[in-house]
Amino acid sequence: VGVVMLTLFVSFFTIPLYIVTAILADNKPLYRIGDEHEASWLNRNAHRDATAARVRDIERGSASYTYTTPSNATLSAEIDRLR
């Protein structure tokens, strides 16, 4: 019972506090978006593109693998019967 009461009290306290903080908060960003930030963002995305290209190359290479299994006469007969 105590945990439920504490949860209800905290939620009724934090929701209005969140709304008040959102209204009173400064609308300015915490950092200045400039050339340095943009260059950093472009570097991170270029790295992600290179990684994605490597993954695509690996996927293309693994798509060419052929998996073979020994013949199974019982399984082949069952498949033919189901057709």
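Residues numbered from 1 in each chain as written. Predicted model: local features only at pLDDT ≥ 70, side-chain atom pairs only at ≥ 80, totals over all residues. Heavy atoms only, no water.

Draft legend 1. Looking closely at the overall build of the protein chain. The helix and strand tally for the protein chain stands at 3 helices and 0 strands. When its helices and strands are written in sequence order, the protein chain yields α-α-α. Sorting the 83 residues of the protein chain into buried and exposed places 2% on the buried side. Of the roughly 8,300 Å² of accessible surface on the protein chain, 63% is carried by carbon and sulfur atoms. (Helix = DSSP H or I, 4+ residues; strand = E, 2+ residues; numbered from the N terminus. Buried < 20%, exposed > 50% of the residue type's maximum accessible area, 1.4 Å probe, protein only. Areas by Shrake-Rupley, 256 points an atom, 1.4 Å probe, with all protein chains shown as cover.)

Draft legend 2. Structural view of helix H3 (residues 73-82). By the criterion of burial, H3 is predominantly exposed, with just 0 of the 10 residues buried. Near the N-terminus of H3, the side chain that reaches the backbone nitrogen of Thr74, with its oxygen 3.2 Å away, is that of Asn72. (Polar contact = N/O pair within 3.5 Å; in protein donor to acceptor, adjacent residues only side chain to side chain.)

Draft legend 3. Local environment of the confidence of the model for the protein chain. For the protein chain, per-residue confidence averages 76 on the pLDDT scale, and residues scoring 70 or more make up 73% of the total. Across the protein chain, H3 holds the top mean pLDDT of 89, while helix H2 (residues 35-63) sits lowest at 74. (pLDDT = per-residue confidence, 0-100.)

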